[in-house]
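A structural walkthrough
The residues making up each chain are set out below.
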Number of protein chains: 4
Amino acid sequence: MEHAQHGYIGRKDDYLRRLRRIEGQARGLQRMVDEEAYCIDILTQVSAMTKALQAVGLGLLEEHMNHCVVNAAQESDAAGQEKVDEAMQAITRLVRS
Amino acid sequence: MEHAQHGYIGRKDDYLRRLRRIEGQARGLQRMVDEEAYCIDILTQVSAMTKALQAVGLGLLEEHMNHCVVNAAQESDAAGQEKVDEAMQAITRLVRS
Amino acid sequence: MEHAQHGYIGRKDDYLRRLRRIEGQARGLQRMVDEEAYCIDILTQVSAMTKALQAVGLGLLEEHMNHCVVNAAQESDAAGQEKVDEAMQAITRLVRS
Amino acid sequence: MEHAQHGYIGRKDDYLRRLRRIEGQARGLQRMVDEEAYCIDILTQVSAMTKALQAVGLGLLEEHMNHCVVNAAQESDAAGQEKVDEAMQAITRLVRS
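Structure report, in brief. (Residues numbered from 1 in each chain as written. Chains lettered and ligands numbered in written order. Predicted model: local features only at pLDDT ≥ 70, side-chain atom pairs only at ≥ 80, totals over all residues. Heavy atoms only, no water.)

Notes on the interface of chain A and chain D
The figure often quoted for interface size is the accessible area lost as the parts come together. For the record, the criterion: The contact definition used throughout considers only heavy atoms, calling two residues in contact when any of these lie within 4.5 Å. The term buried area means the drop in 1.4 Å probe accessible area that two parts suffer when joined, counted for both and summed. What makes a salt bridge here is a side-chain nitrogen of Lys or Arg within 4 Å of a carboxyl oxygen of Asp or Glu, nothing more. Residues adjacent in sequence count toward polar contacts only when both atoms are side-chain atoms; beyond that, a polar contact is any pair of N or O atoms within 3.5 Å, and within protein one must be able to donate a hydrogen and the other to accept it. Helix numbering and strand numbering both begin at the N terminus, where a helix is a DSSP run of H or I of at least 4 residues and a strand a DSSP run of E of at least 2. Residue type decides the class: Asp, Glu, Lys and Arg count as charged, Ala, Val, Leu, Ile, Met, Phe, Trp, Tyr, Cys and Pro as nonpolar, and the leftover types, Gly among them, as polar.
With 47 residues of chain A in contact, the opposing surface of chain D contributes 47 residues. Interface of chain A and chain D: buried area, both sides summed, is about 4500 Å²; carbon and sulfur atoms make up 68% of it. Seen at the junction of chain A and chain D, the total is four salt bridges. Note that E23(A) and R27(D) form a salt bridge whose closest N and O atoms lie 3.1 Å from each other. Counting across the interface, chain A meets chain D through 14 residue pairs in polar contact (both at pLDDT 80 or more). Of all the elements in the fold, those that place two or more residues in the side of chain A that touches chain D are α1 (12-34), α2 (39-75) and α3 (77-96) of chain A. Examining the composition of the side of chain A that touches chain D, we find that 17 residues originate from one element, α2(A), more than from any other. Partitioning the side of chain A that touches chain D into residue classes produces 25 nonpolar, eleven polar and eleven charged.

In structure tokens form, the structure reads like this:
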């Protein structure tokens, strides 16, 4: 039951769809640069893509906490806190990026 | 034992000390504006203060997760997930601010 | 005319008022920690204060660019680009904090 | 001389190369989700990709300010301030995303 912790798996197709759209945004940005679009228009797309990527990150984090962190806490305090430590490092990277 | 969940209480003095320093930074910014300091120097202080405030937020969040979220998860799946939902809303606000 | 560049000076009172409110938020946070308020409620205030501080930073940056950067650019390309470099360092710190 | 403002054009290949790498990171994330990788490892890649994207945004912004904003300021105060307004909207979106 190793996979019990991978909370996102039930919504795998949704995440794959969103990541494909983000990949498409990266291609759209290349097209804009290649066609020498106006900088500000490119920056608007960069912000939209950053927001989409952050939303994926926050969604994955929520499922991780709902499954992996909650399960670990039910195992023991120490296991729960180890998972919290790990999650906090990921959260700190998300907040700072 | 209502307070069992307030994980930061053991380090209350540390948080109070950091928040007093942040209050001092807010006063320092007023002094800079009042003395008509150079904009870029003011912005450097704004960034330093924002970072200090974020570090306090991340510290409080970590203790909240280590205590409140872990305890709720040990009570029941539903209680754990309710606390995770609430924490995720706070994390989303931190990431977006 | 050294101060011609300090674009925020015309709105000095507005900035001082906003920074005093931010100082008040820092004191409010100390009160919440001291009275052992619920972590999530403290985090909500941390996010509100971070947003207020960022808004002050963005406001000061805008006035800096409208005055100092525009004036420097009118002096020479090199002077304009020097001020842009300096502003970009401040922007990078704001984006990453 | 419409293109005089597109400051990034001299480094178009560099931006295209960085955006292709970001596109590759988006594909790598899909692979990780598809292979059911550990959430925290996926989040680490999300943060790395967000940082790379932000660096592209900040680079484009710098070239925009060095060319388009500086040129507009040299035309007139009003033209300069119009470009500063537009740039500030893009900066605000970058800071908030």
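Let us keep going from here.
So, the relation of the copies chain A and chain D
Definition in use: Least-squares fitting of one copy onto the other uses the C-alpha atoms of those residues that reach a pLDDT of at least 70 in both copies.
When chain A is brought onto chain D, the operation consists of a screw motion whose angular component is 180 degrees and whose axial shift is 0.0 Å, with 0.0 Å RMSD remaining. On this basis, the relationship between the two copies can be described by a two-fold rotation axis. Nearest to the rotation axis, the C-alpha of E23(A) is located 2.7 Å from it, this being the minimum over chain A. The share of interface residues of chain A whose copies in chain D are also at the interface is 100%, consistent with both copies meeting through the same surface.

Some words on helix α3 (residues 77-96) of chain C
The condition is simple: Expected span of a helix: the number of residues minus one, times 1.5 Å. Using a 1.4 Å probe on the protein chains alone, a residue whose accessible area is under 20% of its type maximum counts as buried, one over 50% counts as exposed, and one in between counts as partly exposed.
If you check α3(C), its first and last C-alpha atoms are 28 Å apart, about what 20 residues at 1.5 Å a residue would give, namely 28 Å. Turning to α3(C), its buried residues are A79(C), G80(C), K83(C), V84(C), A87(C), M88(C), A90(C), I91(C), L94(C) and V95(C).

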